[in-house]
Amino acid sequence: MSVVWQQVESPDDVDAPLAELPVPPRPGWLRRWLWAPALVVTAALYVLRRTIEDPSGEVELWLFMAMLAGLMITAVAALVRYRDDQRQAAEGRDAAAFGAAPRAATGTVSVNERRTSSGLLLSGLVSYPTDDGTADRAFSHLVRRDEVEQLPPPRDGDPVAVWWAPGTETVVVRYHRGWADAVRRRTRKR
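A short tour of the structure in this document, coming up. (Residues numbered from 1 in each chain as written. Predicted model: local features only at pLDDT ≥ 70, side-chain atom pairs only at ≥ 80, totals over all residues. Heavy atoms only, no water.)

Notes on the overall build of the protein
- Scanning the protein from terminus to terminus reveals five helices and six strands.
- Mapped from its N terminus to its C terminus, the protein presents α and β elements in the order β-α-α-α-α-β-β-β-β-β-α.
- Taken against the 2.2 N^0.38 rule, which gives 16 Å for 190 residues, the C-alpha radius of gyration of the protein at 25 Å runs more than 25% over that of a compact globule.
- The principal-axis extent of the C-alpha atoms belonging to the protein is close to 90 × 40 × 25 Å.
- For the protein, with 190 residues in total, the buried portion stands at 33%.
- Across the protein, the fraction of contacts at a sequence separation of at least 24, relative to all contacts at a separation of at least 6, is 67%.
- Of the roughly 12100 Å² that the protein leaves accessible, carbon and sulfur atoms contribute 58%.
- Taken together, the 24 basic and 24 acidic charged side chains of the protein have centroids lying 5 Å from each other. (Helix = DSSP H or I, 4+ residues; strand = E, 2+ residues; numbered from the N terminus. Rg over C-alpha atoms; globule rule 2.2 N^0.38 Å. Buried < 20%, exposed > 50% of the residue type's maximum accessible area, 1.4 Å probe, protein only. Contact = heavy atoms within 4.5 Å. Areas by Shrake-Rupley, 256 points an atom, 1.4 Å probe, with all protein chains shown as cover. Lys, Arg positive; Asp, Glu negative; His and termini not counted. Charge placed at Lys NZ, Arg CZ, Asp CG, Glu CD.)

Here you go:
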């Protein structure tokens, strides 16, 4: 489950049509291919060990430890590549579902704030109505230090605009304090 948090610059942007889902940057070359050279080095160490006749105990220990380290690096790097590929496939499915039939609702947010050296870390729960009842999604979002004054963070219980698509695990949440205040005023008048 992922929550894409968007703090927009004006109240009109909250209700604007949903554009494409923001895609995180593609992993770098090293992250995608580190497993291959690690595997080659491990195989070369194995071949070296098999070609040395009657190695001393110390040489054999160092070769074994190097092969073990190479295998661990290969396994971790291959797992990272596998998880990256899974995430990219899920993001592609989510983008297609959001392009076909996104749904929107007004939800509420409960917020916990924590100041960090980078800014204000928001975490909490987004609640919104769906066809099957009310859905709750946990989120965390960092409002950078230079954006805190320009884009004030949500208050506990503020309304938010929520987009979701059936069959996906991704939810897009948009917030602007002016929009939230206007929604609160409208609901109090009813």
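Here we look at the sheet that holds strand 4 (residues 133–144)
- One open sheet holds the six strands; their spatial order is 1-6-5-2-3-4, and the pairing between them is mixed. Of all strands in the sheet, those bounded by a partner on one side alone are strand 1 (2–7) and strand 4. With strand direction ignored, the average angle separating the axes of adjacent strands in the sheet is 30°.
- Relative to strand 3 (residues 119–130), strand 2 (residues 103–115) runs antiparallel, the two being bridged by eight bridges. (Pairing = 2+ DSSP bridges. Axes fitted to C-alpha atoms, helices over the stretch in contact; angles between N-to-C directions.)

Comments concerning unusual backbone geometry
- Positive phi, normally seen in glycine, also occurs at aspartate 54, with a value near 50°.
- In this structure, aspartate 54 sits in the loop between helix 3 (35–51) and helix 4 (57–100).

Side note on the packing of aromatic side chains
- Applying the stated criterion across every chain, the model contains three aromatic pairs.
- Consider the rings of tryptophan 5 and phenylalanine 139, whose centres lie 4.7 Å apart with planes at 15°: the pair is stacked. Residue tryptophan 5 is located in strand 1, and its partner phenylalanine 139 is located in strand 4; the two are separated by 134 residues in the primary sequence. Accessibility assignment for this pair places tryptophan 5 and phenylalanine 139 in one class, buried.
- Where tyrosine 128 meets tryptophan 164, the ring centres are 5.4 Å apart and the plane angle is 45°; that geometry is what we call tilted. Here the residue tyrosine 128 occupies a position in strand 3, and tryptophan 164 occupies one in strand 5 (residues 159–164), the gap between them amounting to 36 residues.
- Judged by its relative accessible area of 2%, tyrosine 128 falls in the buried class.
- Relative accessible area serves as the criterion here: at 11%, tryptophan 164 is assigned to the buried category.
- In this structure, arginine 81 packs its charged tip against the face of tryptophan 33, placed 4.4 Å from the ring centre. (Phe/Tyr/Trp six-rings, centres within 6.5 Å; stacked < 30°, edge-to-face > 60°. Lys NZ or Arg CZ within 6 Å of the ring centre and 35° of its normal.)

Structural measurements only, silent on function.
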